[in-house]
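Coordinates in review
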Amino acid sequence: MKKTALISLFFLFMLSSLAAMPQKESADPSLWPEEEVTVICPWAVGGVADIVNRSLAPHLEKELGVPVIASNELGAGGNVALTNYLHSDDMYELILGGEGGFAISPYVEDPGVIRFTYDDFEPVINLYSSIMVLAANSKTGIDDLSGLIEYGRNNRITVAVNGVSGAEAFLVRALFDEIGLEYDLINYNGANLAVRAAAKGETVLSVSHQSQAASAVEDSSLTPILVFDGKRSDSHPFESVPALSELGYDTYYPNTCALFVRKGTDAGIIERLQKAYLSALSEEDVKALYEKLIIEMDPMVGHDYDAHISNVSKIVKGALDEER
């Protein structure tokens, strides 16, 4: 009995000592960050968002004074990671997102599948904007939109996309439904993987960032059909590729990749992150990377990014209403 009592007293002493020890005030926004920060990319390794995320990390470490870890969590075009993010309250986790989860999935997914809304998140800063390109496997002989329409009269068209409810998929869906083409969207966990699929002939078409299609266009395994924009691209090798607006269609918008935190995050933390990212974006090597990736620095914050999501939501809803 004496031995048991002594052991009990020892554990009580240890517990009281631990309670008396000063605790790390990680919940104090004024001290943020005190430990390493993780930035979650909900898309594939090797994609544009992943490359940007990893390239910015070293610059952010200098600005924030702590290690910055770039990670990936795949699934459902980004929706799995966004859902899981809300189940955590770790203030040292940040996440990337864009139109797919916030302005498209709510309208194209079955009710109840999406367990979050845009209002659950707070946009910190948009990291880039990008224009998507539609390209065909060169062996199909499709080299413009009229050729695609002719091909579609006798064939069901397969299109490789990064998530069937993402930005790329919706652009195809809106255009093809308006034209009256029969098609299947084939999901790949990354726009870079979608490009490879079309280049190898697994699908007829792919939709991707211009930079991811560039090498396949240059080696003639892919033929660019159009860019989803109001004007032509000024980047090689897409200078002569018509813009969607030239072809008489108006369902397009820039694809964005923004940094988010959970709604209710302290304004001081958001401001700290905005300053850190703006500083990182001003670095010469980052500017050179953006030029290489054919993406635009478009650091929208707060209400400006809210307005962008609202505008895309209206475009999506309008296009779906026309389908019905």
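Everything here concerns the structure above.
Residues numbered from 1 in each chain as written. Predicted model: local features only at pLDDT ≥ 70, side-chain atom pairs only at ≥ 80, totals over all residues. Heavy atoms only, no water.

**Observations concerning helix α9 (residues 267-281)**
This is how it is decided: Each helix corresponds to a stretch of at least 4 residues labelled H or I by DSSP, and each strand to a stretch of at least 2 residues labelled E; elements are numbered beginning at the N terminus. The length a helix should cover is 1.5 Å for every residue beyond the first. Only protein chains enter the accessibility calculation, which uses a 1.4 Å probe; a residue is then buried when its area is under 20% of its type maximum, exposed when over 50%, and partly exposed in between. Whether two residues are in contact is decided by their heavy atoms: any pair within 4.5 Å suffices. Under this definition, polar contacts are N or O atom pairs within 3.5 Å; protein pairs additionally need one hydrogen-donor-capable and one acceptor-capable atom, and for neighbouring residues in sequence, both atoms have to be side-chain atoms.
Compared with an ideal rise of 1.5 Å per residue, which puts 15 residues at 21 Å, α9 spans 21 Å between its outermost C-alpha atoms and is within 8% of the ideal. Within α9, the full set of buried residues consists of Ile269, Ile270, Leu273, Gln274, Ala276, Tyr277, Ala280 and Leu281. Looking at the buried residues of α9, the elements they touch are β1 (37-41), α2 (48-64), β3 (93-97), β4 (121-130), β10 (255-262) and α10 (284-293). Its side-chain oxygen placed 2.7 Å from the backbone nitrogen of Gly268, Asp266 serves as the N-cap of α9.

**Concerning the nonpolar core**
Condition: We call a set of buried residues a nonpolar core when its members are Ala, Val, Leu, Ile, Met, Phe, Trp, Tyr or Cys and they connect through side-chain atoms within 4.5 Å of each other.
Of all hydrophobic cores here, the largest spans 85 residues; its most connected members are Leu134, Phe176 and Leu273. Judged by nonpolar contacts, the second largest core, of 15 residues, contains Val133, Ala198, Phe238 and Val241.

**A few points about empty space enclosed by the protein**
Cut-off, in case you're wondering: Within this scheme a cavity is a closed region of a 1 Å grid, computed over the protein atoms alone, that accommodates a 1.4 Å probe without allowing it to escape, whereas a pocket is open but has protein on both sides within 12 Å along at least five of seven lines; lining residues each have an atom within 4 Å of a point. Grid points are joined across faces, edges and corners, and a volume is the space filled by probe spheres set on the points. Residue type decides the class: Asp, Glu, Lys and Arg count as charged, Ala, Val, Leu, Ile, Met, Phe, Trp, Tyr, Cys and Pro as nonpolar, and the leftover types, Gly among them, as polar.
Inspection of the entire model under this criterion finds 3 cavities of 30 Å³ or more. Size it by volume and the largest cavity reaches roughly 240 Å³. Lining the largest cavity are 25 residues, with Trp43, Asn162, Glu168, His209 and Asn255 positioned closest to its centre. At the level of elements, α2, α4 (99-108), α6 (167-179), α7 (191-200) and β10 are the ones that each hand at least two residues to the lining of the largest cavity. When the residues that make up the lining of the largest cavity are grouped by side-chain class, the tally is 9 nonpolar, 13 polar and 3 charged.

**Re the pairing of strand β9 (residues 222-227)**
Definition in use: Whether two strands pair comes down to DSSP finding at least two bridges between them.
Counting buried positions along β9 gives 6 out of 6 residues, so the element sits mostly inside the fold. Two elements, strand β5 (residues 132-137) and β9, share 5 bridges in a ladder whose sense is antiparallel. Looking at the pairing, Ala136 lines up with Thr223 of β9.

**Topic: the packing of aromatic side chains**
Inclusion rule: Think of it this way: a Phe, Tyr or Trp ring, Trp meaning its six-membered ring, pairs with another when their centres are within 6.5 Å, and the plane angle makes it stacked under 30 degrees, edge-to-face over 60, tilted otherwise. Here, over-ring charges are defined by two tests on the NZ atom of lysine or the CZ atom of arginine: distance to the ring centre within 6 Å, and angle to the ring normal within 35 degrees.
Summed over all chains, the structure comprises 11 aromatic pairs. Seen from their ring centres, Phe102 and Tyr118 are 5.3 Å apart, and the 70° between their planes marks the pair as edge-to-face. In this pair, Phe102 is assigned in helix α4 and Tyr118 in the loop between α4 and β4, connecting sequence segments 16 residues apart. When sorted by exposure, Phe102 lands in the same class as Tyr118, which is buried. Centroid distance Tyr118 to Phe260: 6.2 Å. Interplanar angle 85°. Geometry classified as edge-to-face. Separated by 142 residues along the polypeptide, Tyr118 in the loop between α4 and β4 and Phe260 in strand β10 bring together distant segments of the chain. The pair Tyr118 / Phe260 is uniform in exposure class, with both members buried. Counting every residue linked through ring pairs, the aromatic cluster contains Tyr85, Phe102, Phe116, Tyr118, Phe121, Phe260 and Tyr305. Directly above the aromatic system of Tyr85 lies the positively charged group of Arg262, at a separation of 3.8 Å from the ring centroid.

**Focus: unusual backbone geometry**
Here the residue pair Trp32 and Pro33 is connected by a cis peptide bond, since its omega of -5° sits within 30 degrees of zero. Along the polypeptide, Pro33 turns up in the loop between α1 (2-20) and β1. Of note, the bond from His236 into Pro237 is cis; its omega dihedral lies within 30 degrees of zero at 5°. Residue placement: Pro237 occurs in the loop between β9 and β10. Although it is not a glycine, Ser220 adopts a positive phi angle of roughly 70°. As for its position among the elements, Ser220 is in the loop between α8 (210-218) and β9. Relative accessible area serves as the criterion here: at 51%, Ser220 is assigned to the exposed category.

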